[in-house]
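Below, each chain spelled out in residue letters.
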Amino acid sequence: MDWSLPPRIWEGRNSVWPHESNKRWSYCVTVPSWTVTSSANGSDTVCFRVQVGIQSPEGITSTREVLRRFNEFLQLYSELRKQFPKKDCGSPKTAFENAKQNTFGRGKRRCALDGWLEKLLSDIDVSRTAYVAIFLELEAAERQACTESTQNDLTANSLLGSSSSVSSDMDNPSTKGITIDQNDMLQNELIDAKEDIGILPKSNSELKRELSKCLEENKTLEKEKQIREAENVLKLALLRKCALLCNRLRDCSINFVLDDEDKLMADTSLSDAVDLLETSDSQINLLPTEFVVHIGRKEFQVNPISSEMYKKINKIKPTFSLSK
């Protein structure tokens, strides 16, 4: 902790010192007054008030007073002379020269001691000695400064807390109103949600029924599609068979030629031709019945295409039939 000249104007914790704090602890010393104390034996003792100013690294100032008798000043001087024999430390004895034991004389001594301390502590080596620290009780002054700083911070926080409480109390009515509105809104949403939950099972069952119905319809359509495809294949097979019989009937002919005696003779075997015609005739007779059996009576009645094909197949019979 370094010594400094005291502030010219004391303004409490915000006093401005003549040096920059540089984020370090600093102290200054003045002797602003004196007082008379009575001892146990009834004699009066003059004590000088030594004011120790402390500046914290944050630039906050605090003060503490120490009462010192003149003999204690002489003791400090003696210790410093022993530690620094080559330094000119002055002497507080000059404060008693030509000073009477009255109010004026005591004031004169106070001024002399104040000047002596300022000159003494202006030497940095002297100002940092343990003797000076003990004489001025610098450690106690530093603890007091820390305590006051903490109390000031607590007071400021308390004021801020009170201000916040007032603001909070003022905001409480409006906040309560908003909270009530929000609660009402949440309750309405909860009721709607419960109603929706009650409807969901019914909607799910309906969806399941509709899905089952759609699946059944798809199965029916698929089955009908397969039946139609099979019918188409059968129809094509019957048509091919019918066309084959027609071609065989067209190929079935008897050629007559004249022999040397101008007699008509068959170029092919008559019996073979007759057998072929009879076979074709019987198969053609079976075609309409076979067509109706494979297509189905219901399909035959409602499907115009099947009915038309039946007519065409049935028309072949009188054209190519042959009586025995």
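Quick caveat: nothing in here was measured; it's all calculated off a predicted structure.

Chemist: Explain the overall build of the protein here, please?
Modeler: Tallying secondary structure elements over the protein gives 8 helices and 6 strands in all. Across the protein, helices and strands are ordered from the amino to the carboxyl terminus as β-β-β-β-α-α-α-α-α-β-β-α-α-α. Counting across all 324 residues of the protein, residues that qualify as buried make up 26%. Relative to all contacts within the protein whose residues are 6 or more apart in sequence, the contacts with residues 24 or more apart total 57%. Accessible area for the protein stands at about 22400 Å²; split by element, carbon and sulfur atoms hold 54% of it.

Chemist: Before we go on, may I ask you to explain helix α1 (residues 70-83) in this structure?
Modeler: A turn of α-helix holds 3.6 residues, and therefore any two residues three or four places apart point the same way. The terminal C-alpha atoms of α1 lie 21 Å apart, and with 14 residues this matches the ideal 20 Å at 1.5 Å per residue to within 8%. Buried within α1 we find Phe70, Phe73, Leu76, Tyr77 and Leu80. The buried residues of α1 all sit within an arc of 115° when viewed along its axis, so they share a single face. Within α1, the exposed residues directed more than 90 degrees away from the buried face are Asn71, Gln75 and Lys82. Those residues of α1 hidden inside the fold are in contact with β3 (44-55), β4 (61-68), α2 (103-121), α3 (124-127) and α4 (130-136).

Chemist: Help me understand the nonpolar core in this model?
Modeler: Burial of nonpolar side chains together is a common tendency in soluble globular proteins. Of all hydrophobic cores here, the largest spans 27 residues; its most connected members are Tyr27, Phe73, Leu80, Val132 and Leu136. Apart from residues no more than four positions distant in its own chain, leucine 80 is found in contact with Cys89, Leu120, Val126, Thr129, Tyr131 and Val132.

Chemist: Honestly, the packing of aromatic side chains in this entry has me stumped. Any pointers?
Modeler: What characterises a pair of aromatic rings is the spacing of the ring centres plus the angle enclosed by the ring planes. Inspection of the entire model under this criterion finds 4 aromatic pairs. With centroids separated by 6.4 Å and ring planes inclined at 65°, the aromatic side chains of phenylalanine 73 and tryptophan 116 adopt a geometry described as edge-to-face. In this pair, phenylalanine 73 sits in helix α1 while tryptophan 116 sits in helix α2, placing the two residues 43 residues apart along the sequence. A single burial state applies to phenylalanine 73 and to tryptophan 116, both of which are buried. Between phenylalanine 73 and phenylalanine 135, the aromatic rings sit 5.2 Å apart at their centres with planes inclined by 65°, giving edge-to-face as the arrangement. You can see phenylalanine 73 sitting in helix α1 and its partner phenylalanine 135 sitting in helix α4, a full 62 residues away along the chain.

Chemist: Explain the sheet that holds strand β1 (residues 2-3) here, please?
Modeler: In a beta sheet, neighbouring strands are held together by backbone hydrogen bonds and run either parallel or antiparallel to one another. Pairing in this open sheet of 4 strands is mixed, and the strands run β1-β2-β3-β4 from one edge to the other. Of all strands in the sheet, those with a lone pairing partner are β1 and β4, marking the two edges. Bridging between β3 and β4 involves 8 bridges; their strand directions are antiparallel. Paired with isoleucine 54 across the two strands is serine 62, which belongs to β4. Contacts between α1 and the sheet are confined to β3 and β4, with β4 contributing the most and set at about 100° to the helix.

Chemist: Would you explain α2 in this entry?
Modeler: The end-to-end C-alpha separation of α2 is 27 Å, in line with the 27 Å expected for 19 residues at 1.5 Å each. Each element contacted by the buried residues of α2 is listed here: β1, β2 (26-38), β3, α1, α3 and α4.

Chemist: Explain the packing of α1 against α2 here, please?
Modeler: For any two helices packed against each other, the geometry comes down to the angle between their axes and how far apart the axes lie. Between α1 and α2, the shortest axis-to-axis distance is 13 Å and the interhelical angle comes to 25°. Our classification of the angle between α1 and α2 gives roughly parallel. The two elements α1 and α2 cross, and the hand of that crossing is left-handed. Taken together, the residues of α2 that come into contact with α1 (itself represented by Phe70, Phe73, Leu76, Tyr77 and Leu80) are Leu113, Trp116, Leu117 and Leu120. Among the residues forming the contact of α1 with α2, the class breakdown is 9 nonpolar, no polar and no charged.

Chemist: Sorry, what's going on with the confidence of the model for the protein here?
Modeler: Parts of the prediction with low pLDDT should not have their coordinates interpreted in detail. Confidence along the protein averages 75 in pLDDT terms, with 61% of residues attaining 70 or more. Within the protein, no element has a lower average pLDDT than helix α7 (residues 297-302), which sits at 50, and none a higher one than α4, at 94. Predicted confidence is poor over residues 318-324, with pLDDT under 50, and the contacts of this stretch with residues over four places away or in other chains come to 7 contacts.

Chemist: Explain the side chain of serine 15 here, please?
Modeler: Structurally, serine 15 is set in the loop between β1 and β2. Polar side-chain contacts of serine 15 include one of 2.6 Å to the backbone nitrogen of glutamate 11. A polar contact is formed between the side chain of serine 15 and the backbone oxygen of glycine 12, at a distance of 2.7 Å. For serine 15, the residues in contact, after removing those within four places along its chain, are Pro7, Ile9, Trp10 and Thr61.

Chemist: Can you help me understand the pattern of salt bridges in this one?
Modeler: Once the charged atoms of two side chains with opposite charge are near each other, the side chains can pair. All chains considered together, the criterion is met by 8 salt bridges. Across the pair arginine 128 and aspartate 2 runs a salt bridge, and its minimum N-O distance is 2.7 Å. Of this pair, arginine 128 sits in the loop between α3 and α4 while aspartate 2 sits in strand β1, and the two are 126 residues apart along the sequence. Taken together, the salt bridges that share partners define one network made up of Asp2, Arg24 and Arg128.

Chemist: What is the right way to read the environment of arginine 81 from this model?
Modeler: Topologically, arginine 81 is positioned in helix α1. For arginine 81, a relative accessible area of 39% puts it in the partly exposed group. Through-space distance from the C-alpha of arginine 81 to that of serine 91 is 9.9 Å; in sequence the pair is 10 residues apart. Of note is the side chain of arginine 81, whose polar atom sits 2.7 Å from the side chain of tyrosine 77.

Definitions and limits used
- Residues numbered from 1 in each chain as written.
- Predicted model: local features only at pLDDT ≥ 70, side-chain atom pairs only at ≥ 80, totals over all residues.
- Heavy atoms only, no water.
- Helix = DSSP H or I, 4+ residues; strand = E, 2+ residues; numbered from the N terminus.
- Buried < 20%, exposed > 50% of the residue type's maximum accessible area, 1.4 Å probe, protein only.
- Contact = heavy atoms within 4.5 Å.
- Areas by Shrake-Rupley, 256 points an atom, 1.4 Å probe, with all protein chains shown as cover.
- Expected span 1.5 Å × (residues − 1).
- Arc of directions from axis to C-beta.
- Core = buried A, V, L, I, M, F, W, Y, C linked by side-chain atoms within 4.5 Å.
- Phe/Tyr/Trp six-rings, centres within 6.5 Å; stacked < 30°, edge-to-face > 60°.
- Pairing = 2+ DSSP bridges.
- Axes fitted to C-alpha atoms, helices over the stretch in contact; angles between N-to-C directions.
- Parallel < 35°, antiparallel > 145°, perpendicular 65-115°, else oblique.
- Left-handed = near helix turned anticlockwise from the far one by under 90°.
- Nonpolar A, V, L, I, M, F, W, Y, C, P; charged D, E, K, R; others polar.
- pLDDT = per-residue confidence, 0-100.
- Polar contact = N/O pair within 3.5 Å; in protein donor to acceptor, adjacent residues only side chain to side chain.
- Salt bridge = Lys/Arg side-chain N within 4 Å of Asp/Glu carboxyl O.

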